[in-house]
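Residue strings, one per chain:
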Amino acid sequence: MEPAEDWLVESLRLYQDFHAFDLSGATRVLEWIGDKGILVAGYESLKKNEILHLILPLRLSVKENQGLFPERDFKVRHGGFSDRSVFDLKYVPDTRLLVTSGLPGCYLQVWQVAEDSDVIKAVSTIDVHEKEGRLWPRMAIFSSAAPGVLHGARLSSLKVVDLESQKTTYSSGISDDELLSSLQVLDADTFAFCCTSGRLGLVDTRQKWTPSENFRPGSGSAGGRWCAEAGGRGPGPSIASLGSDGQLCLLDPRDLCQPVSLVQCPVSMPSPDPELLRVTWAPGLDNCLAISGFDGTVQVYDVTSWGGMGRQVEPLFTHKGHIFLDGNGMDTAPLVTTHTWHPCKPRTLLSAASDASLHVWDWVDLHAAR
Amino acid sequence: MVGYDGPIYMTQPTQAICPILLEDYRKIAVDKKVVEITKHIHDNRALRYVELLPLSGTVQEPQSTSNAFTPPLTHWLLSPCILIPSACETPGTSPLMLVDDELEIKAYYAGHVLGAAMFQIKVGSESVVYTGDYNMTPDRHLGAAWIDKCRPNLLITESTYATTIRDSKRCRERDFLKKVHETVERGGKVLIPVFALGRAQELCILLETFWERMDLKAPIYFSTGLTEKANHYYKLFIPWTNQKIRKTFVQRNMFEFKHVKAFDRAFADSPGPMVVFATPGMLHAGQSLQIFRKWAGNEKNMVIMPGYCVQGTVGHKILSGQRKLEMEGRQVLEVKMQVEYMSFSAHADAKGIMQLVGQAEPENVLLVHGEAKKMEFLKQKIEQEFRVSCYMPANGETVTLPTSPSIPVGISLGLLKRELAQGLLPDSKKPRLLHGTLIMKDSNFRLVSSEQALKELGLAEHQLRFTCRVHLHDTRKEQETAVRVYSHLKSVLKDHCVQHLPDGSVTVESILIQAAAHSEDPGTKVLLVSWTYQDEELGSYLTSLLKKGLPQAS
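Small disclaimer: the values here were computed from a predicted structure and weren't measured. (Residues numbered from 1 in each chain as written. Chains lettered and ligands numbered in written order. Predicted model: local features only at pLDDT ≥ 70, side-chain atom pairs only at ≥ 80, totals over all residues. Heavy atoms only, no water.)

K.L.:
Tell me about the overall build of chain B, and name the residues and values.
P.N.:
Scanning chain B for helices and strands turns up 13 helices and 26 strands. Of the contacts made within chain B by residues no fewer than 6 positions apart, 68% connect residues no fewer than 24 positions apart. (Helix = DSSP H or I, 4+ residues; strand = E, 2+ residues; numbered from the N terminus. Contact = heavy atoms within 4.5 Å.)

Laid out in structure tokens, this is it:
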């Protein structure tokens, strides 16, 4: 029997629920609108890319009587076209606005989701001054009555721009031009940054630049490329930093200089594209995170009782769907480009891969005591 | 109802399956008490001429047939149905069929259900393709829809599911298998009410494929009667199924199942797990309802509804969440068994529609069955990707499409060769004037040389020649004037063949220019410009050019 059919039989045991979709173009973006809709966007160069607002199949949204909802398909609720590759997309909460970042051209594009039709239209741009053409600014949204876009490709160019007035309301004001890999807004006044070197810090926008920072893990340039996410639930460290060689560092925001643990995740090789590295905390489970960007899998870890340095860890669950359901039969296995957790269903994740596949899966915790 | 009594074109499987589908429909219609359809089960060998009756409600006894199954009291009559000759290979088309001397139709394989087809309708050089329901992804028993680069003026496609991105077939199947597996594992019974045709076969094949792998021992049954008849039809129409099935058919008949057996009423009372496919599909009567009543009270059991249920049927009630049903005799049935609603219907989604448009390459696309507000993005997508106009008319709205019909004209080889022999080679960017005669005969258009046309018509040829005199002030001799004319024309008329002949005359293509002295005024030279009717345009141009005078000699 074909390996795909084998895996499908296995999947009866491994997943509660499993959906697999084919988008018209691969996405590096999975951004939630509420808990029922997500946004995806294409990243091909030399081609018009689509930005789609997809509504989740009804069966994933209802809480009771799931069996009575046969709908398993995504609905395209809104769509738009982008001439550029889209590498990041953020939804501005409580508005009908989206902001995208990509290449070519170093600027942010602001879009509006139409109310009376299904079109997403480009409305304005936010200039970003960056000389190096291949860099694209990272983004995060300060949502408030007057939403602002935090953006920058380097520490020195970090700014917050008011979306409506286009005025700069915050600037890092430093000359350190280290490259950024991720930005994350934590509350109305604080954001976290992570540089490609692994240097990360928490910044209070009300003060002049004095972030609480870590020392860089690894030694100098041999440290690989890093990204990070804050947000762990439950007691224990709430910041996770992931390196392109599979190292995972857990930190406590109160003392970034002393990492709580540093472990090695079992990855067969360093990430072929460290820009795709993703580490995310589960919003519905304690001490649980997921990583992707090394191959065609998404790995879920339980970080409870991780301590110390250098140990090897094993994932709680590995999603291999993108490898086995590769419909193209191409020699190059697909690479997972991004993943995200469902905001309400504790063990449901969405993952996208370079072959334009999009999976929604609800994994079974085989370790849990019955 | 609309008063049509002309021929109805359908594919062979449709003609055979039609009566069964209508029989199923009739049962629901009776429930709805909307119409009484009179029906007659066809002997599927013959092309019968029968008349279409208006829906008047007369019920007649059916003629006795040799079939064990006799239809209940309904009579349904069809106009002559003409079978589309087999072109059911996938990918496949039928040959072009002439309806009359102007209208041609062609059927394309549509997947979706056995015998489904998309139709191309052609009059002259204009054509429309109407898709109906189609499926661009192959499933277990049918291939995928396919159309060639027929470039119709218009492609009409339904867009109900155009704004969906479909979950993969594998995941739908997985969900079905999971439900069956879980129920059977806990010792429960699974009831799957099905229509006579369609999903039953698909699901049988699916279970058959996985039963061994999943190491399940529980029996799978399908109810006798219509489902068997359907399998019989499927065997007849194996060429209409997909390649995989046809390949295995050679080794072993895919429709003779190893694990799926014929059902006997008594089995419903057997203890232990089992899976049963039973008709009818909406649990509104018959065997499936009987079994449902026996199994409903046990929460270990499951009923899987594989499709839409009409209001009023038991199927519809339980899918709405009803757990207490009133049966005949005021008996209340408590439904404790698990109710699952699964949709297996296969329609084209956004991706499928784009694929089909890409294959057919129409000039225009028309989307039906959608809501305008929800189609704007798809319309833009189609327009951008294929550079065609896309329309979304509302019900009752008329759309007018401009077309540019082409009239093919054959040109005689002799004429072409003669043209090529004259003067410069043709330049594809420059229009070149060609003289010929268009003969229209027997719906045939030919462009031939005038001589040829005259010969065919038996007429004598007449030649028209124009001569014009242009007076030029020039005191030199005629020969020198001729040289001046030659040089001037050569420099101005770079695209034409200008020659200076030994006898002193100048030719431009076939136009002759001769210089002569004026009889009375030695300071004036007379240019005789002479051309045939065919060269009128160039001749007139030359004349006016020469009238402007010659440049001063250097």
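K.L.:
I'd like to hear about the nonpolar core, residue by residue, with values.
P.N.:
Soluble globular proteins: nonpolar side chains tend toward being buried together. With 30 residues, the main nonpolar core has Phe176(B), Val180(B), Ile192(B), Leu207(B), Val275(B) and Phe277(B) as its most contacted residues. Only helix H1 (3-14) of chain A together with helix H2 (169-185), strand S9 (189-193), helix H3 (199-211), strand S10 (220-222), strand S12 (274-278) and strand S13 (302-305) of chain B provide two or more residues apiece to this core. Counting residues per element, this core draws most heavily on H3(B), at 8 residues. Excluding residues that lie within four positions of it along the chain, Phe277(B) makes contacts with Ile192(B), Val194(B), Ala200(B), Leu203(B), Cys204(B), Leu207(B), Ile220(B), Tyr221(B), Phe222(B) and Ser223(B). If you look at the next biggest cluster of nonpolar residues, it comprises 29 residues, including Leu68(A), Ala268(B), Ile291(B) and Met337(B). (Core = buried A, V, L, I, M, F, W, Y, C linked by side-chain atoms within 4.5 Å. Buried < 20%, exposed > 50% of the residue type's maximum accessible area, 1.4 Å probe, protein only.)

K.L.:
Which residues make up the packing of aromatic side chains, and what values do they have?
P.N.:
All names here are of chain A. As enumerated under the stated definition, the model contains 20 aromatic pairs over all chains in all. Ring geometry for phenylalanine 317 versus tryptophan 363: centroids 5.6 Å apart, planes at 25°, classification stacked. With phenylalanine 317 in strand S26 (residues 317-319) and tryptophan 363 in strand S29 (residues 357-363), this residue pair connects regions lying 46 residues apart in the sequence. We note that phenylalanine 317, like tryptophan 363, is buried. (Phe/Tyr/Trp six-rings, centres within 6.5 Å; stacked < 30°, edge-to-face > 60°.)

K.L.:
For the environment of Val506(B), give the residues involved together with the corresponding values.
P.N.:
By the secondary structure assignment, Val506(B) is in strand S24 (residues 506-508). What Val506(B) contacts, discounting residues up to four positions off in sequence, is Ala482(B), Val485(B), Tyr486(B), Leu489(B), Val498(B), Gln499(B), His500(B), Ile511(B), Leu512(B) and Ile513(B).

K.L.:
Quick one: what's the story with the pairing of strand S11 (residues 148-152) of chain A, residue by residue and with numbers?
P.N.:
All names here are of chain A. Of all the 5 residues making up S11, 5 are buried; the element is thus mostly covered by neighbouring parts of the structure. Here S11 shows no split at all, with Gly148, Leu150 and Gly152 on one side and Val149 and His151 on the other all buried. Relative to S11, strand S10 (residues 138-142) is paired through 5 bridges, and the arrangement is antiparallel. Across the sheet, the residue bridging to alanine 140 is leucine 150, located in S11. Once S10 ends, the chain turns through 5 residues before running back antiparallel as S11. Bridge analysis of S11 against strand S12 (residues 159-162) gives 4 bridges, and the strand direction is antiparallel. Residue pairing across strands places glycine 148 opposite aspartate 162, the latter belonging to S12. Hairpin connection from S11 to S12: 6 residues lie between these consecutive antiparallel strands. (Pairing = 2+ DSSP bridges.)

K.L.:
Quick rundown of the pattern of salt bridges? Include the residues and the values.
P.N.:
Pairing between side chains of opposite charge can happen when the charged atoms of each approach one another. Residue and element names in this part refer to chain B. Scanning the model with the defined rule gives 40 salt bridges over all chains in all. Note that aspartate 148 is salt-bridged to lysine 106, the shortest N-O span being 4.0 Å. Note that aspartate 148 is positioned in the loop between strand S6 (126-130) and strand S7 (154-158) and lysine 106 in strand S4 (residues 103-109), a separation of 42 residues in sequence. Lysine 106 gets classed as buried once you look at its relative accessible area, which sits at 17%. The salt bridge involving glutamate 383 is made with lysine 379; its shortest N-O contact spans 3.0 Å. Linking glutamate 383 with lysine 379, this pair stays in helix H9 (residues 376-386), spanning 4 residues, or about one helical turn. Of the residues examined, glutamate 383 reaches a relative accessible area of 26% and is grouped as partly exposed. (Salt bridge = Lys/Arg side-chain N within 4 Å of Asp/Glu carboxyl O.)

K.L.:
An account of unusual backbone geometry is requested, with residue identities and associated values reported.
P.N.:
Residue and element names in this part refer to chain A. Here the bond from leucine 103 into proline 104 is cis, since omega is 0°, no more than 30 degrees from zero. Its identity is not glycine, yet leucine 46 carries a phi of approximately 60°, on the positive side. Structurally, leucine 46 can be placed in the loop between strand S3 (37-41) and strand S4 (49-55). The phi dihedral of alanine 356 is positive, around 70°, even though this residue is not glycine. Secondary-structure assignment places alanine 356 in the loop between strand S28 (348-353) and S29.

K.L.:
Help me get a handle on the confidence of the model for chain B, residues and values and all.
P.N.:
Residue and element names in this part refer to chain B. In this model, chain B carries an average pLDDT of 76, and 75% of its residues clear a pLDDT of 70 or more. Mean pLDDT values for the elements of chain B range from 49 in strand S2 (residues 81-84) up to 94 in S13. Below pLDDT 50 for its whole length, residues 85-91 participates in 19 contacts with residues either more than four positions away or in separate chains. Our summary of model confidence lists the complex with pTM equal to 0.77 and ipTM equal to 0.88. (pLDDT = per-residue confidence, 0-100.)

K.L.:
Which residues make up the packing of helix H12 (residues 478-492) of chain B against helix H13 (residues 536-547) of chain B, and what values go with them?
P.N.:
Residues and elements named next belong to chain B. In contact at an axis separation of 12 Å, H12 and H13 are set at 120° when each is read in the N-to-C sense. By the angle class used here, H12 and H13 are oblique. Along this stretch, H12 crosses H13, giving a crossing that reads as right-handed. In this structure, H12 uses Val485, His488, Leu489 and Val492 to contact H13, whose residues at the interface are Tyr541, Leu542, Leu545 and Leu546. Considering only residue class, the contact of H12 with H13 consists of 7 nonpolar, 1 polar and no charged. (Axes fitted to C-alpha atoms, helices over the stretch in contact; angles between N-to-C directions. Parallel < 35°, antiparallel > 145°, perpendicular 65-115°, else oblique. Left-handed = near helix turned anticlockwise from the far one by under 90°. Nonpolar A, V, L, I, M, F, W, Y, C, P; charged D, E, K, R; others polar.)

K.L.:
An account of the state of the cysteines is needed here, citing residue identities and associated values.
P.N.:
Throughout the structure, instances matching the rule amount to 0 disulfides over all chains. Looking at Cys265(A), it has no disulfide partner, and the nearest cysteine sulfur is the one in Cys249(A), 11 Å off. Lacking any disulfide linkage, Cys309(B) is separated from the closest cysteine sulfur, that of Cys204(B), by 19 Å. Here Cys309(B) falls in the buried class, since its relative accessible area comes to 2%. (Disulfide = S-S within 2.5 Å.)

K.L.:
Residue-level account of the sheet that holds S10(B), with values.
P.N.:
All names here are of chain B. Pairing in this open sheet of 6 strands is parallel, and the strands run S11-S10-S12-S9-S13-S16 from one edge to the other. This sheet does not close on itself; its edge strands, each paired only once, are strand S11 (260-262) and strand S16 (338-341). Taking the axes of each pair of neighbouring strands and ignoring which way they run, one obtains an average angle of 25° across the sheet. Where S9 and S13 come together, 2 bridges link them in parallel fashion. Pairing of valine 190 across the sheet is with methionine 302, part of S13.

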